[in-house]
Amino acid sequence: MGPAFYVMAILGCGEAEAACQQVAVAQTRYENLEACNAATAEAVMRNVNLSFPVVAAQCRRDDTEVAEKLMPSDIDLPEAEASAPRVQRAAYHPPRKLRL
């Protein structure tokens, strides 16, 4: 038996109780699980344009399928950034009519 390699599955998750679904597998192969897990944040950022509310990455052995179904409620979402810019609404003031 040769060495084990790990691959990263990119998963798209909805907001309902349906399990996340695999939408891609990253082409990079990793020699160990730690290296694969360390690369997940960057892989998710490269795939944020997918048509899912939540995108996740899950590492697995190259010779296996995903072992368990991942549910949207199982994913730890990042905290909102406190330094995010605030959105302000513009006030619309219609032009005044000129009196002649």
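The text that follows walks through the structure, step by step, so that each part is easy to find. Since the model is a prediction, treat every value here as computed from it, not as a measurement.

Conventions and cut-offs
- Residues numbered from 1 in each chain as written.
- Predicted model: local features only at pLDDT ≥ 70, side-chain atom pairs only at ≥ 80, totals over all residues.
- Heavy atoms only, no water.
- Salt bridge = Lys/Arg side-chain N within 4 Å of Asp/Glu carboxyl O.
- Helix = DSSP H or I, 4+ residues; strand = E, 2+ residues; numbered from the N terminus.
- Buried < 20%, exposed > 50% of the residue type's maximum accessible area, 1.4 Å probe, protein only.
- Phe/Tyr/Trp six-rings, centres within 6.5 Å; stacked < 30°, edge-to-face > 60°.
- Lys NZ or Arg CZ within 6 Å of the ring centre and 35° of its normal.
- Pairing = 2+ DSSP bridges.
- Axes fitted to C-alpha atoms, helices over the stretch in contact; angles between N-to-C directions.
- Core = buried A, V, L, I, M, F, W, Y, C linked by side-chain atoms within 4.5 Å.
- Contact = heavy atoms within 4.5 Å.

1. Description of the pattern of salt bridges
Two side chains that carry opposite charge are able to pair once their charged atoms sit near each other.
Here is step 1: Scanning all chains against the criterion turns up 3 salt bridges.
Here is step 2: Linking Asp62 and Arg29 is a salt bridge whose minimum nitrogen-to-oxygen distance equals 3.3 Å. Of the two residues, Asp62 is situated in the segment after β3 (54-61) and Arg29 in the loop between β2 (21-25) and α1 (33-38); the sequence distance between them amounts to 33 residues.
Here is step 3: For Glu42, the salt bridge goes to Arg46, with nearest N and O atoms at 3.1 Å. Separated by 4 residues within a single helix, Glu42 and Arg46 lie in helix α2 (residues 40-46), roughly one turn from each other.
Here is step 4: You can call Glu42 exposed: its relative accessible area is 54%.
Here is step 5: Of the residues examined, Arg46 reaches a relative accessible area of 53% and is grouped as exposed.

2. Quick notes on the packing of aromatic side chains
Here is step 1: According to the stated counting rule, one finds 0 aromatic pairs in the structure shown.
Here is step 2: It is Arg29 that lies over the ring of Phe5; its NZ or CZ is 4.1 Å from the centre.

3. Structural notes on the sheet that holds β3
Here is step 1: Reading across from one edge, β2-β1-β3 is the order of the 3 strands in this open sheet, with antiparallel pairing throughout. Here the strands that pair on one side only, and so sit at the sheet edges, are β2 and β3. If you compare each strand with its neighbour and ignore which way they point, the axes differ by 35° on average.

4. Digging into the nonpolar core
Here is step 1: Core analysis: the biggest nonpolar cluster contains 11 residues, these being Tyr6, Met8, Ile10, Ala26, Tyr30, Cys36, Ala39, Ala43, Val44, Val55 and Cys59.
Here is step 2: Secondary structure elements with two or more residues in this core: β1 (6-13), α2 and β3.
Here is step 3: Among all residues touching Tyr6, those that are not within four sequence positions of it are Thr28, Arg29, Tyr30, Glu31, Asn32, Leu33, Cys36, Arg60, Arg61 and Asp62.

By themselves, these are just geometric observations and shouldn't be taken as functional.
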